[in-house]
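Analysis of the macromolecular model
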Amino acid sequence: MRSEALDITIESRGRSIWIFLSGPFHAEQVPSMREKIAGLIDDGNRHLVVDLENVSDIDESATQMFLALLNGMRGKGGDIWLIFRNENVSKAFSPFRSIFSIYPDAHSLPSGGLFGTLRRRSRVLARKTGIRLSRPVALTLLIALFGWILSLIFIIHIQGQRIRKQETEIRSLTEWNRATVSEIRELQNRLRPLEQLGILKDTLSRKSP
Amino acid sequence: MKRHSIAFLIHPYKNSLVPKNTFRDAVNTFAQALIDIGASYQNIRLNVVMPGYFLEAIDPMLLLQLREMHKKGIVEWLTTGYTEPFLSFSPQWLLNENLRHGITSFQEYAGDRPAGFVPPFSNWEPSYIDVLSGAGIQYNVVSRSLLASQYRSRLGYWVTEFAGSSTVLFPVHSVYPSVVAGGMESWIQEQFAADAAGNVPVKLLCIDFLCPLLSQDMAVTQQGLAEAAAVFDRLLLNYQTIRFTEFLSSNTPLGLMYLPQSLVLRRDDSDTAPHFLNYLHSFDQVGIVQRKLMDIADNIASRKESRHAEPYKKTLFFVADINRYIPSKSSGFTRLRDRMWCFEKLIDIEHELQQHDGGAGGRIRIADYLRNGSKSIIMTNKNLAVYIDHKNGGSVFEIDFRRRRYNVCAGYNPSRHALPMVIEPGLSYTMFVDHLVDTATQAAQFRAKNAAELGDFYSGAYEYKIKKTDTSIKASLHRQGSLLLGDRNCPLSIEKMLGLEKDQPALPFVYQITNNSLTPYMFRLAVELTFSFPGIGANTAYLLDKKRKITGLKDGLVELPQATQWLIGDSACGVMVLCTLQKPVDVWCFPAVPPGVDPQQAEAVTLVLTAPITLDGSGVWSLMGKLQFKRQALAEKHIDEI
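Model, not experiment: these values are computed from the prediction.

**A closer look at the overall build of chain B**
Summing up its helical and strand segments, chain B has 14 helices and 26 strands in all. Its C-alpha radius of gyration of 28 Å places chain B within 12% of the 26 Å reference for a compact globule of 642 residues. Expressed along its principal axes, the backbone C-alpha trace of chain B runs to roughly 95 × 50 × 45 Å. Evaluated residue by residue, chain B yields a buried proportion of 47% over its 642 residues. In chain B, 72% of the contacts between residues at least 6 apart in sequence involve partners at least 24 apart.

If you want it as structure tokens, here you go:
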């Protein structure tokens with residue numbers, strides 16, 4: 001029976017109601033589908049996500065139905081997002097691409113927060129580079145990277161401490177050197193008259209090359 | 001003169017579910033018997049067929065010896081796949097995977113690919129020729145009873161063709177060890193003598209030697225194998241035992257033989273039932289199990305990233321095993337244990353897949369689950385899954401209590417349906433079946449199905465509406481029907497609402513009956529709920545009315561007058577169901593068996609919520625209630641069976 005060919009799955013995800021449609025979507029199914037979606041809107045659901053990826057064939061009247069539902073939903077302050085990338089559905093919705101919020105898959109939907117943005121960015125990068133990491137591998141790599149950075153900071157910190165200690169030591173040694181030199185000079189000055197009288201010999205200057 | 005040939009196919013099999021340890025012991029005993037024969041009779045060649053999972057259970061030391069036998073050319077391997085798949089009941093991709101897994105097991109454990117394929121129960125599907133060829137299968141072995149009767153006595157092999165693809169077929173005589181004991185030599189001579197055509201230089205008699213692996217039969221099997229090997233050894237001067245591929249490489253086929261889709265219901269040479277699928281579709285539960293399998297298989301196949309679903313495939317191979325479906329003394333869908341085992345595995349996979357998908361507050365699906373052209377409404381949350389057939393009286397044909405992996409509606413009705421259909425209204429053991437009968441109807445009368453049906457609600461189609469909020473899902477079923485009072489057809493409508501709240505294991509229901517005329521009506525509403533429990537036969541199932549515990553539910557009729565609460569449970573499956581009603585109704589409880597069948601055989605119990613109703617003109621009557629599913633301690637430890 002053509003009127004019963006379309007499979008429907010409805011579930012809640014976060015604050016949205018997701019509707020997955022699968023099978024051929026003909027004009028005969030439009031009234032019952034409209035009734036079901038209108039019922040969901042009447043139940044107070046204001047954000048619907050409709051996955052049409054598994055719709056094998058779609059009638060023009062179905063797109064008109066979605067237009068009418070979107071109109072009604074936006075009037076109530078809600079929205080309907082569509083998910084598909086299959087050829088038949090894309091062709092049917094091509095005149096209305098600017099009206100509907102259309103996404104190629106569930107992962108591309110805008111999700112709030114830093115993690116959502118990160119997740120989206122990672123998917124874009126994965127698509128561009130072709131490198132895909134599973135969660136455990138990514139987590140292991142992240143932990144390794146974090147550990148490496150931590151050990152680097154630790155080494156720098158230890159080295160900094162040692163440098164500071166050596167600087168202090170050098171400073172104290174320089175001070176001591178300066179004090180010793182001036183003391184030697186003072187002693188030399190004191191001994192000079194005795195040397196000039198020939199009572200004492202200058203052993204220091206003789207040892208020095 | 002050239003010697004004629006005998007292909008001796010050793011076919012170990014296991015029909016029923018057995019604990020894994022028992023199975024492992026049996027397979028190892030069989031492997032040892034095989035090795036002993038190979039060592040004792042070096043001149044005979046053996047063909048051995050087994051599913052891949054049999055090989056996995058064989059001890060590595062024995063496997064090593066079997067590998068050596070294969071290397072020396074004593075043994076040729078054949079397979080049925082990883083398990084014994086029901087080709088006609090499995091999606092093609094699942095069979096493909098099953099075969100691939102089976103071949104991988106052989107390569108890994110036996111050291112070589114199997115050369116041939118043996119469809120279990122000769123379940124031949126011509127459309128699968130390409131799948132088999134693609135998997136590298138050189139030939140197929142089927143029962144000779146699939147051949148037209150005039151060709152059954154011909155000894156050799158055939159080529160079969162379908163849609164441009166062809167493959168080799170070896171027709172076999174299926175033989176049990178006990179049947180041929182003592183008389184095998186003369187039997188072989190008879191078979192060669194029966195093929196009088198004589199236009200082939202070398203004849204080939206193929207013997208499918210069936211070896212049951214169950215412990216009590218194992219001694220007979222071993223003895224039978226040894227006797228058969230001794231006979232072949234004695235006949236060696238007249239007939240040589242060969243491997244199938246040996247014969248294939250040096251002999252031409254007898255001709256082209258078209259085989260339609262077929263199945264040999266018994267593992268012997270009896271004639272096939274021509275419309276076996278119709279036969280299987282004429283009972284409730286076999287269809288429901290198979291459709292659940294198909295639904296899950298489709299779910300897994302539709303996943304683009306299916307890595308996480310990969311482990312479930314192996315479980316599906318076991319559920320698609322033909323032994324779970326073909327009724328026999330020890331296995332099949334007619335056995336409660338087999339049915340429950342299948343449901344348990346399937347509910348587990350379904351639940352895991354849904355958990356992986358995420359989502360909260362339940363899911364509602366409208367899909368052609370029963371594959372009969374009309375939609376079923378499937379409501380699920382973390383704890384329950386409820387399947388509604390709105391076309392056939394708006395009844396519930398499956399309720400899965402997911403915490404226990406248990407379907408409380410899996411009661412098997414032995415009555416064959418009038419037409420091949422999965423659910424027959426009024427006959428199938430489903431829930432929320434609405435009967436309208438005369439107010440004077442007594443429980444015994446209702447039980448014996450002698451109460452005249454006044455309404456058309458138990459089998460009529462209900463219109464449906466679905467409701468979904470963040471926390472709940474509801475299906476509202478409505479039928480504008482009629483009530484036969486005297487000669488008059490009086491308009492009456494029933495609206496019943498079934499729902500799931502959040503992730504609670506509870507199924508609230510509401511009945512609202514409206515009189516659409518100005519004439520007052522009087523009738524009795526009887527809502528039938530059939531619960532399937534494994535402990536009904538063993539008397540572990542019980543009904544609790546207030547503080548009164550009633551056991552022996554299979555023994556007869558129990559009546560609970562004006563009850564607002566009752567509980568039914570069974571420690572054998574660890575499930576209890578508490579029913580709470582907003583207003584008192586009479587409850588009748590009796591074993592679910594068709595009239596004339598011994599109630600001691602009951603595997604399910606029917607509870608009828610009934611009340612006499614008087615509806616004034618434009619009056620409304622309503623009933624609210626709730627079925628709460630709870631776990632209870634299991635009476636026995638769960639044994640993992642295979």
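**Focus on the overall build of chain A**
Per the secondary structure count, chain A includes 6 helices and 5 strands. Scanning chain A from its N terminus toward the C terminus, one meets helices and strands in the order β-β-α-β-α-β-α-β-α-α-α. Over its C-alpha trace chain A gives a radius of gyration of 41 Å, far above what one expects of a compact globule, namely 17 Å for 209 residues. Taking the principal axes of the C-alpha coordinates as reference, chain A spans close to 135 × 35 × 30 Å. Taking all 209 residues of chain A together, 16% fall into the buried category.

**Here's the deal with the interface of chain B and chain A**
Contacts between the two partners involve 19 residues from chain B and, on the opposite side, 15 residues from chain A. Ranked by residue count, the leading element in the side of chain B that touches chain A is strand S10 (residues 360-367) of chain B, at 7 residues. Within the side of chain B that touches chain A, the residues separate by chemical class into 5 nonpolar, 6 polar and 8 charged. For strand S1 (residues 7-13) of chain A and S10(B), the ladder comprises 5 bridges, and the chain directions are antiparallel. Across the sheet, the residue bridging to Ile10(A) is Ile364(B), located in S10(B).

**Overview of the nonpolar core**
All names here are of chain B. By size, the foremost hydrophobic cluster in this structure holds 214 residues, and its most contacted members are Ala 7, Leu 9, Val 386 and Val 605. A per-element tally of this core places strand S24 (residues 575-591) first, with 9 residues. The residues contacting Val 605, other than those within four sequence positions of it, are Phe 531, Phe 533, Ile 536, Ala 541, Leu 553, Cys 589, Pro 591 and Ala 592.

**Re the confidence of the model for chain B**
Overall, the predicted model of chain B reaches an average pLDDT of 91, with 97% of residues at or above 70. We note a pTM of 0.87 for the whole complex and an ipTM of 0.87 for its interfaces.

**Things to note about the packing of helix H12 (residues 310-319) of chain B against helix H13 (residues 336-357) of chain B**
Residue and element names in this part refer to chain B. Between H12 and H13, the least distance of the axes is 10 Å, while the angle of their chain directions is 155 degrees. By the angle between their directions, the pair H12 and H13 is classed as roughly antiparallel. H12 and H13 meet at a crossing whose hand is left-handed. Between H12, through Tyr 312, Thr 315, Phe 318 and Val 319, and H13, the contact on the second element is made entirely by Cys 342, Lys 345, Leu 346 and Ile 349. Looking at the contact of H12 with H13 residue by residue, the class counts come to 6 nonpolar, 1 polar and 1 charged.

**A word on the domain arrangement of chain B**
When the parts come together, some accessible area is lost, and that loss is often what is quoted as the size of the interface. Residues and elements named next belong to chain B. Structurally, chain B comprises domain 1 (4-272) and domain 2 (279-631). At the interface, 20 residues of domain 1 touch 20 residues of domain 2. In terms of residue class, the side of domain 1 that touches domain 2 is built from 11 nonpolar, 7 polar and 2 charged.

**Some points on the environment of Leu78(B)**
All names here are of chain B. Topologically, Leu 78 is positioned in strand S3 (residues 75-79). Between the alpha carbons of Leu 78 and Tyr 139 there is a distance of 9.3 Å; along the sequence they are 61 residues apart. Apart from the residues lying within four places of it in its own chain, the contact partners of Leu 78 are Asn 47, Val 48, Val 49, Pro 114, Ala 115, Gly 116, Phe 117, Val 118 and Val 141.

**Describing unusual backbone geometry**
Residues and elements named next belong to chain B. For Phe 121, which is not a glycine, the phi torsion comes out positive at approximately 55 degrees. A tally of 25 C-beta atoms within 10 Å means that Phe 121 is categorised as buried. Unusually for a residue other than glycine, Arg 371 sits at a positive phi of about 50 degrees. One can find Arg 371 in the loop between S10 and strand S11 (376-380).

**Thoughts on helix H1 (residues 30-42) of chain A**
When the terminal C-alpha atoms of H1(A) are compared, their 18 Å separation across 13 residues agrees well with the 18 Å that a helix rising 1.5 Å per residue should span. Residues of H1(A) that are buried sit in contact with S1 and helix H2 (60-75) of chain A together with strand S16 (463-468) of chain B. Gly44(A) lies just past H1(A) and shows a positive phi near 100 degrees.

**Let's talk about H12(B)**
Where H12(B) is concerned, the buried positions are Tyr312(B), Leu316(B), Phe317(B), Phe318(B) and Val319(B). Against helix H4 (92-110), helix H11 (284-301) and H13 of chain B lie the buried residues of H12(B).

**Concerning the environment of Asp616(B)**
When you line up the elements, Asp616(B) lands in the loop between strand S25 (604-615) and strand S26 (620-631). As a C-alpha pair, Asp616(B) and Tyr521(B) span 95 residues in sequence and 6.5 Å in three-dimensional space.

**Remarks on the environment of Thr315(B)**
All names here are of chain B. Take Thr 315: it is sitting in helix H12. Given 15 C-beta atoms within 10 Å, Thr 315 falls into the partly exposed group. Those residues within four positions of Thr 315 in sequence are excluded, and the remaining contacts are Lys 345 and Ile 349.

**Digging into the pairing of strand S21 (residues 541-545) of chain B**
Residues and elements named next belong to chain B. Here S21 runs beside strand S23 (residues 558-570); their pairing, made up of 5 bridges, is antiparallel. Among the inter-strand pairings, Leu 544 is bridged to a residue of S23, identified as Leu 567. Where S21 meets strand S22 (residues 548-550), 3 bridges bridge the pair, whose relative direction is antiparallel. Residue Leu 544 lies in a different strand from S22, and its bridge partner there is Lys 549. Where S21 folds back on S22, the antiparallel hairpin that results is connected by 2 residues, among which Lys 546 adopts a positive phi of roughly 50 degrees.

**Some thoughts on the pairing of S26(B)**
Both strand S19 (residues 506-515) of chain B and S26(B) contribute to a ladder of 9 bridges, which runs antiparallel. Directly across from Leu507(B), in S26(B), lies its bridge partner Leu627(B).

**A look at the packing of H11(B) against H12(B)**
The relative placement of two packed helices is expressed as an angle between their axes plus a distance between the axes. Residues and elements named next belong to chain B. Between H11 and H12, the shortest axis-to-axis distance is 11 Å and the interhelical angle comes to 155 degrees. Viewed along their axes, H11 and H12 adopt a mutual orientation that is roughly antiparallel. The element H11 and its partner H12 pack so that their crossing is left-handed. On H12, the residues touching Leu 293, Ile 296, Ala 297 and Ile 300 of H11 are Tyr 312, Lys 313, Leu 316 and Val 319. Considering only residue class, the contact of H11 with H12 consists of 7 nonpolar, no polar and 1 charged.

Definitions and cut-offs
- Residues numbered from 1 in each chain as written.
- Chains lettered and ligands numbered in written order.
- Predicted model: local features only at pLDDT ≥ 70, side-chain atom pairs only at ≥ 80, totals over all residues.
- Helix = DSSP H or I, 4+ residues; strand = E, 2+ residues; numbered from the N terminus.
- Rg over C-alpha atoms; globule rule 2.2 N^0.38 Å.
- Buried ≥ 20, exposed ≤ 12 C-beta atoms within 10 Å, placed from the backbone.
- Contact = placed C-beta atoms within 7 Å.
- Nonpolar A, V, L, I, M, F, W, Y, C, P; charged D, E, K, R; others polar.
- Pairing = 2+ DSSP bridges.
- Core = buried A, V, L, I, M, F, W, Y, C linked by C-beta atoms within 7 Å.
- pLDDT = per-residue confidence, 0-100.
- Axes fitted to C-alpha atoms, helices over the stretch in contact; angles between N-to-C directions.
- Parallel < 35°, antiparallel > 145°, perpendicular 65-115°, else oblique.
- Left-handed = near helix turned anticlockwise from the far one by under 90°.
- Domains from an automatic or database assignment.
- Expected span 1.5 Å × (residues − 1).

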